[in-house]
Amino acid sequence: MMKKVLDLKPKDMFYYVFSSYLLIGMHISIEHVGGYGLYLPFNIIGWIFISILIGLGLYQISRTERLIYSNLFIYCVIGSALMLLPFFYSNNVHAYLAVMRMLGLVGGLLLYLSFQQFEFKKEEKIRFLYVILGSVIIQILLRSFSLFDPEFGAMAQKNVFATFLATGTAIALFLLVNEKDGFNNIIKQILVFSIPFLSCIHIYYLQSRTGYLSLIIGVGFILLFGDRRNKNLLIGIGLLFIGLVAGSITKRETIAKSEKQYSGNTRLATYQLTFEMIKDNPVLGVGYGNFLSAFRSHYAKRKKDDPSIETIGNNNMDHPHNEILYWTVEGGIIPLIGLLIIAGAFLIMIWRTNQKSSMAMLGLSLPIFIHTQLELPFYISLIHWFLFIFIIYMIDSEISRQFEINIEILSIFRVLSLSIPIIISVYMITTLRTASAITRFERTGYKDPSLLVSIGNPHAWQKKYETLIMKLNLNIAKKTKDIDKLKDYISWAENYVQHSPYLFIYYDLATAYESLGNRDKAWEIYRYAQYLYPGAKWRD
């Protein structure tokens, strides 16, 4: 058995790691406290798998002594470099808060490069698509039979699950048109015919407008540019509609119209305010890591001047729910140019092929892309980032020319092929332990500070960790009348709200001043927080 494992080729190992992530890793459900990025255990686990895939790709370069790339990859590197450039602007006082986002961008580039190194044949890429369908059916079954608490799964957020299902449906229909030899396999038949039906039942259950839109456009491209005379495609479309009808018949609860209206109005108000911020800072932006603070200040000023603006309440708006706006408002025009270079290169590549099949493949990427323009899927769900990169790679490799350069300094790639997976895996495992400790601390009523003391790597959770530690210090200071500790908290909190003006920090800051006997300053903090958060309910 061990000999068989050792005899595996890097390409086979890549496939098995890919499959392990999609069929096992992404479905692991661990209790957590919410949030995004590395605050979510399934994202932490996902980066371990991705780091191994990157390591295998780099090892393949050292093994073959050549690096394979495409024109699109070069444009992605150029665009990404422009997106990274504002990180070094003078207005980036809080840019360290965006470090993980920058590392995620670089990780995505390395993953893309790793896919390219193996020169997968068409049938091998089709096999990857079936693995993705396998992950979709697993999520459907887990949700249908309540085999885990959906609150803690990778698909807990309804729009994330909806666009994941819409992507799976688009892939199934694409395979129904393009897979010529696979339908003598019963498992493949079950996947491609059941997913349009089952996915659409769940998309209807979710009542996700993002899901409906991504499904319509993604499937629409496949219908418009695929072979509409294909009997299998017509069956798939029929099953899709039957699924929607079945969902409408069995679904009893609906989202209130007022709730939908508020959600839509809030999003439009967010876009409007973000556009205003871009107009005020078109060149340099507000600074990486500074959107949360800048948006809250701008919103408060506009709400005071014009009370008719939609009340956002006490939501911590740290993303404008549009990926293009996010990079532009924080970094200015340069990241926007970078994004346009990447998008333009991709669209020109597809346009030049002048083939309907290329446009049909484009439909596979649209559900996730549309989601990025309406929310923040890449931060909530690593699997969306992973699938998006794979689909872009697959389209690129099918319709554009691949280039290669000979590599002479192989030792660099050998070292990186080992060091990247090891460093990232160790970091992620320790982060997972941090997540577990903080989750237990909160779930047990904040009664066991030793859980926080036991944390060895708070880096990815630094903001959460800081607030919990300082809250403990504040409570001790108020009970013991420790003037120095109260002043320490005030100094920390006043710095903290410069980048993260959370409502609860202002409340605790006001109580800290009150404990020092400075009631005037406490009321000043209180009133400023009310100004920042109009409509929020404060504890008196």
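Details of the structure are given in the entry above.
Values in this document were obtained by computation on a predicted structure and should not be read as measured data. (Residues numbered from 1 in each chain as written. Predicted model: local features only at pLDDT ≥ 70, side-chain atom pairs only at ≥ 80, totals over all residues. Heavy atoms only, no water.)

1. Quick look at helix α7 (residues 158–178)
Spanning 21 residues, α7 covers 30 Å between terminal C-alpha atoms, matching the ideal 30 Å at 1.5 Å per step. For α7, the buried fraction is high: 19 of the 21 residues fall into the buried class. For α7, the N-terminal cap is Q157; the gap from its side-chain oxygen to the backbone nitrogen of N159 is 2.8 Å. (Helix = DSSP H or I, 4+ residues; strand = E, 2+ residues; numbered from the N terminus. Expected span 1.5 Å × (residues − 1). Buried < 20%, exposed > 50% of the residue type's maximum accessible area, 1.4 Å probe, protein only. Polar contact = N/O pair within 3.5 Å; in protein donor to acceptor, adjacent residues only side chain to side chain.)

2. Side note on the packing of aromatic side chains
The tally for this structure, following the rule as stated, stands at 37 aromatic pairs. Here the aromatic rings of F221 and F225 are separated by 5.6 Å at their centres, their planes lie at 50 degrees, and the arrangement is tilted. Placement of both F221 and F225 in helix α9 (residues 209–225) is noted, with a separation of 4 residues, approximately one turn of the helix. Look at F221 and you get partly exposed, because its relative accessible area is 22%. A cation over an aromatic ring shows up here: R101 above the ring of Y288, its NZ or CZ 5.2 Å from the ring centre. The positively charged end of R101 is found above the aromatic ring belonging to W327, 4.6 Å away from the centroid. (Phe/Tyr/Trp six-rings, centres within 6.5 Å; stacked < 30°, edge-to-face > 60°. Lys NZ or Arg CZ within 6 Å of the ring centre and 35° of its normal.)

3. Regarding helix α13 (residues 323–331)
When you tally the buried positions in α13, you get 8 out of 9 residues, the bulk of the element. Looking at α13, one finds that the buried residues are E323, L325, Y326, W327, T328, V329, E330 and G331. The N-cap residue of α13 is N322: its side-chain oxygen and the backbone nitrogen of I324 are 3.1 Å apart. Just downstream of α13 lies G332, where phi reads positive at about 85 degrees.

4. Quick notes on the environment of F152
With respect to the helices, strands and loops of the structure, F152 is situated in the loop between α6 (122–144) and α7. You can call F152 buried: its relative accessible area is 9%. Ignoring anything within four residues of it in the chain, the contact list for F152 reads S29, I30, E31, H32, F42 and R443. (Contact = heavy atoms within 4.5 Å.)

5. Things to note about the pairing of strand β1 (residues 66–70)
Taken across its 5 residues, β1 has 4 buried, putting it largely inside the fold. Direction of pairing for β1 relative to strand β2 (residues 402–406): antiparallel, over a ladder of 5 bridges. If you follow S70 over to β2, its bridge partner there is Q402. (Pairing = 2+ DSSP bridges.)

6. Digging into the nonpolar core
Grouped together as the largest cluster of nonpolar side chains are 142 residues, with contacts concentrated most on F18, L22, F386 and F390. In contact with F390, not counting residues within four places along its chain, are F18, F115, K125, F128, L129 and I132. One finds A477, L486, Y489 and A536 within the second-largest nonpolar core, a separate group that totals 26 residues. (Core = buried A, V, L, I, M, F, W, Y, C linked by side-chain atoms within 4.5 Å.)

7. Considerations on the packing of helix α5 (residues 99–116) against helix α17 (residues 382–399)
Where α5 contacts α17, the axes come no closer than 10 Å and their chain directions differ by 40 degrees. In terms of orientation, α5 and α17 fall into the oblique class. Here α5 and α17 pass one another in a crossing that is right-handed. Along its contact with α5, which presents G104, L105, G108, L111, Y112, F115 and Q116, the element α17 presents W385, F386, I389, F390, I392, Y393 and D396. Among the residues making up the contact of α5 with α17, the classes are represented as 10 nonpolar, 3 polar and 1 charged. (Axes fitted to C-alpha atoms, helices over the stretch in contact; angles between N-to-C directions. Parallel < 35°, antiparallel > 145°, perpendicular 65-115°, else oblique. Left-handed = near helix turned anticlockwise from the far one by under 90°. Nonpolar A, V, L, I, M, F, W, Y, C, P; charged D, E, K, R; others polar.)

8. Considerations on a nonpolar patch on the surface
There is a patch of nonpolar side chains on the surface, built from L23, I24, I28 and I30 and spanning about 300 Å² of accessible area. Counting through the fold element by element, I30 comes out in the loop between α2 (10–23) and α3 (41–64). Residue I30 is classed as partly exposed on the basis of its relative accessible area of 31%. (Patch = residues over 30% accessible without salt bridge, like charges linked within 9 Å, V, L, I, M, F, W, Y side chains within 5 Å. Areas by Shrake-Rupley, 256 points an atom, 1.4 Å probe, with all protein chains shown as cover. Salt bridge = Lys/Arg side-chain N within 4 Å of Asp/Glu carboxyl O.)

9. Notes on the pattern of salt bridges
A complete count under the given rule lists 13 salt bridges for this structure. When the shortest N-O distance is used, the salt bridge between R267 and E375 registers 3.9 Å. Of this pair, R267 sits in helix α11 (residues 257–280) while E375 sits in the loop between α15 (356–372) and α16 (377–380); the two residues are 108 residues apart in sequence, bridging distant segments of the chain. This pair shows no difference in class: R267 is buried, exactly as E375 is. Across the pair K464 and E442 runs a salt bridge, and its minimum N-O distance is 2.8 Å. Of the two residues, K464 is situated in helix α20 (residues 462–480) and E442 in helix α18 (residues 410–443); the sequence distance between them amounts to 22 residues. A residue is classified by how much of its surface remains accessible, and E442, at 16% relative accessible area, is buried. Among the charged side chains, a salt-bridge network with shared partners connects R66, E119 and E404.

10. Re the side chain of S500
Along the chain, the position of S500 falls in the loop between α21 (483–496) and α22 (503–515). Engagement of the side chain of S500 in a polar contact is seen with the side chain of K463, the distance being 2.7 Å. Residue contacts for S500: discarding those within four places in its chain leaves L292 and K463.

11. Remarks on the packing of α6 against α7
Where α6 contacts α7, the axes come no closer than 10 Å and their chain directions differ by 135 degrees. In terms of orientation, α6 lies oblique with respect to α7. With respect to the hand of their crossing, α6 and α7 are arranged in left-handed fashion. For the pair α6 and α7, contact is made by I126, L129, Y130, I132, L133, S135, V136, Q139, I140 and R143 and by F161, F164, L165, G168, I171, A172, F174 and L175, respectively. Class assignment for the residues of the contact of α6 with α7 results in 14 nonpolar, 3 polar and 1 charged.

12. Points about the side chain of R296
Positionally, R296 belongs in helix α12 (residues 291–305). At 3.0 Å, the side chain of R296 and the backbone oxygen of L532 are in polar contact.

13. A word on unusual backbone geometry
In this structure, E65 is a non-glycine residue whose phi angle is positive, near 60 degrees. Overall, E65 belongs to the partly exposed group, its relative accessible area being 43%. Positive phi is not limited to glycine here, since Y446 has a value of about 60 degrees. Within the fold, Y446 resides in the loop between α18 and α19 (450–453). A residue is classified by how much of its surface remains accessible, and Y446, at 44% relative accessible area, is partly exposed.

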